[in-house]
Amino acid sequence: MITAIVFVQAETARIPEVAEAIAALEGVSEVYSVTGQIDLIALVRVSSHDDIAAVVADRLNKVEGVVDTETHIAYRAYSRHDLEAAFSLGLD
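The rules behind the values
Residues numbered from 1 in each chain as written. Predicted model: local features only at pLDDT ≥ 70, side-chain atom pairs only at ≥ 80, totals over all residues. Heavy atoms only, no water. Helix = DSSP H or I, 4+ residues; strand = E, 2+ residues; numbered from the N terminus. Buried < 20%, exposed > 50% of the residue type's maximum accessible area, 1.4 Å probe, protein only. Contact = heavy atoms within 4.5 Å. Areas by Shrake-Rupley, 256 points an atom, 1.4 Å probe, with all protein chains shown as cover. Pairing = 2+ DSSP bridges. Axes fitted to C-alpha atoms, helices over the stretch in contact; angles between N-to-C directions. Salt bridge = Lys/Arg side-chain N within 4 Å of Asp/Glu carboxyl O.

Per an unreviewed UniProt entry, the protein chain carries the name DNA-binding Lrp family transcriptional regulator and comes from Nocardioides kongjuensis.

What follows is the structure in structure tokens.
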């Protein structure tokens with residue numbers, strides 16, 4: 001599984017509609033409305049790099065109201081669960 005984090009700038013008046021349209025795209029697992037310099041963060045989870053291109057370049061970028069995107073590919077995931085397992089003494 002490949003995860004891409006996509007920062008999305010959207011037309012201000014259309015942020016809710018843009019978020020819903022992006023969330024409905026196949027391959028998009030979550031969309032967050034956030035504060036700061038960007039409007040939305042979309043998490044894309046797919047099986048290949050070609051699929052990322054299909055989701056982001058072919059569909060997400062074409063959603064009406066999307067002004068700009070910046071895509072980051074995740075190469076390693078860290079979570080509380082992973083850290084607890086790494087430091088466990090096996091006494092559970």
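Enquirer: Even after reading the chapter, I still don't get the overall build of the protein chain, so can you show me in this structure?
Expert: A tally of regular secondary structure across the protein chain gives three helices and four strands. Sequence-ordered secondary structure for the protein chain, helices as α and strands as β, is β-α-β-β-α-β-α. Counting over 92 residues, the protein chain shows a buried share of 30%. Sequence separation of at least 24 residues holds for 65% of the intrachain contacts in the protein chain that already meet a minimum separation of 6. Summing over all exposed atoms, the protein chain offers an accessible surface of approximately 6400 Å²; the carbon and sulfur share of this is 52%.

Enquirer: I'm lost on the sheet that holds strand β4 (residues 66-74) in this one. Help?
Expert: Across a sheet, strands are paired by hydrogen bonds formed along the backbone, either parallel or antiparallel in direction. Spatially, β2-β3-β1-β4 is the arrangement adopted by the four strands of the open sheet, whose pairing is antiparallel. Of all strands in the sheet, those with a lone pairing partner are β2 (28-33) and β4, marking the two edges. Taking the axes of each pair of neighbouring strands and ignoring which way they run, one obtains an average angle of 20° across the sheet. Bridging between β2 and strand β3 (residues 40-46) involves five bridges; their strand directions are antiparallel. In the strand pairing of β3, S33 is matched with L40.

Enquirer: Is there a simple way to think about the environment of A77 in this case?
Expert: As for its placement among the helices and strands, A77 is situated in the loop between β4 and α3 (80-86). Judged by relative accessible area, which is 63%, A77 ranks as exposed. Put simply, A77 and T3 are 74 residues apart on the chain and 9.3 Å apart in space, counted from C-alpha to C-alpha.

Enquirer: Hey, could you run me through the pattern of salt bridges in this one?
Expert: Where charged atoms from two side chains of opposite charge come close, those side chains can pair. In total, this model carries two salt bridges according to the counting rule given. Measuring nitrogen to oxygen at the nearest pair gives 4.0 Å for the salt bridge that ties R14 to E11. A residue is classified by how much of its surface remains accessible, and R14, at 27% relative accessible area, is partly exposed. In this structure, the salt-bridge partner of E30 is R45, at a minimum N-O distance of 3.2 Å.

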